[in-house]
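Analysis of the macromolecular model
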Amino acid sequence: LALEPARDRAQAHIAGAAVQQDGRSASLTAPNGSAQRELHLRALWCASLMPAELEILEAHGTGTPLGDPTEAGAIQAVHGVEARTLALGVGACKANLGHSECASGMAGVLKIIRSRAGQMPGNAKLRSPNRFVLERIEAALSLGTQGGQIPTQHKAGISSFGFSGTIA
């Protein structure tokens, strides 16, 4: 998602998208980390971007003990590259809004579009970060934003997963 400044409204250009089924996993609600990594790479390829070019990633981030560490591992594997010169701000709006089910991806898109003019919203109800999530992405990525500000033009990604294995 490449955002551009506008006088009185937010504008965004969707440069690429990818959707797939995550395949066999341990259960109906268990995530498949390798499928998530593949999806991140496919979406970046469709947008003609390298992982190190992404500045913001809106994660699915449901707060589950299995799903969040798996997603964080996929984020670290794809986006925590040594060639990264920009910090990667990672957020998840479900901590503020709750799970909006089939509209979750759109909530992430709207959050990213609206945040471009000011600060990236924090996670209001996040009291105790999952240590397994922090261990996977803390060293490679910056949680939050650089100096609390979002540039007026940035490259962002949104990750959203559906019930029973649809990932986008």
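What you see is a predicted model, and the numbers here were worked out from it, not measured in a lab.

1. What about the overall build of the protein?
- The secondary structure content of the protein amounts to five helices and seven strands.
- Overall, the protein shows an N-to-C arrangement of helices and strands of β-β-β-α-β-α-β-α-α-α-β-β.
- The buried share of the protein, taken over its 168 residues, is 40%.
- Contacts spanning at least 24 positions in sequence make up 78% of the contacts within the protein whose residues lie at least 6 apart.
- Surface accessibility of the protein: about 9400 Å² in total, with carbon and sulfur atoms responsible for 55%.

2. Focus on helix α4 (residues 104-115)
- Look at α4: 17 Å from first C-alpha to last across 12 residues, which is about the 16 Å you get at 1.5 Å a residue.
- With respect to burial, α4 is a largely interior element, nine of its 12 residues being buried.
- Within α4 the residues assigned to the buried category are Ser104, Gly105, Ala107, Gly108, Val109, Lys111, Ile112, Ile113 and Ser115.

3. A short note on unusual backbone geometry
- Despite not being glycine, Ser48 shows a phi value in the positive range, around 55°.
- If you trace the backbone, Ser48 turns up in the loop between α1 (33-46) and β4 (56-58).
- Looking at Ser48, the relative accessible area reads 64%, which means it is exposed.

4. What to know about α1
- Taking 1.5 Å as the rise per residue, α1 with 14 residues should run 20 Å; its terminal C-alpha atoms sit 20 Å apart, in good agreement.
- Listed as buried for α1 are Gly33, Ala35, Gln36, Leu39, His40 and Leu44.
- Buried residues in α1 make contact with β3 (20-21), β4, α2 (67-79) and β7 (166-167).
- One or two positions beyond α1, positive phi appears at Ser48, with a value near 55°.

5. Quick look at the packing of α1 against α2
- Contact pair α1 / α2: the axes reach a minimum separation of 9 Å and the direction vectors enclose 45°. What the angle tells us is that α1 and α2 run oblique. Pair α1 / α2 crosses with right-handed handedness. Residues Gly33, Gln36, Arg37, His40, Leu41 and Leu44 of α1 lie in contact with α2, whose contacting residues are Thr70, Glu71, Ala74, Ile75, Ala77, Val78 and His79.
- Residue composition of the contact of α1 with α2, by class: six nonpolar, five polar and two charged.

6. Quick look at the nonpolar core
- Counting residues in hydrophobic clusters, the biggest one holds 10 residues: Leu44, Ala47, Leu49, Leu54, Leu57, Ala59, Ile75, Val78, Leu88 and Val90.
- Apart from residues no more than four positions distant in its own chain, Leu54 is found in contact with Leu44, Leu49, His79, Arg84, Leu88, Lys155, Ala156 and Gly157.
- If you look at the next biggest cluster of nonpolar residues, it comprises five residues, including Ala18, Leu39, Phe161 and Ile167.

About the cut-offs
Residues numbered from 1 in each chain as written. Predicted model: local features only at pLDDT ≥ 70, side-chain atom pairs only at ≥ 80, totals over all residues. Heavy atoms only, no water. Helix = DSSP H or I, 4+ residues; strand = E, 2+ residues; numbered from the N terminus. Buried < 20%, exposed > 50% of the residue type's maximum accessible area, 1.4 Å probe, protein only. Contact = heavy atoms within 4.5 Å. Areas by Shrake-Rupley, 256 points an atom, 1.4 Å probe, with all protein chains shown as cover. Expected span 1.5 Å × (residues − 1). Axes fitted to C-alpha atoms, helices over the stretch in contact; angles between N-to-C directions. Parallel < 35°, antiparallel > 145°, perpendicular 65-115°, else oblique. Left-handed = near helix turned anticlockwise from the far one by under 90°. Nonpolar A, V, L, I, M, F, W, Y, C, P; charged D, E, K, R; others polar. Core = buried A, V, L, I, M, F, W, Y, C linked by side-chain atoms within 4.5 Å.

Take it as geometry only, folks, not as evidence of what the structure does.
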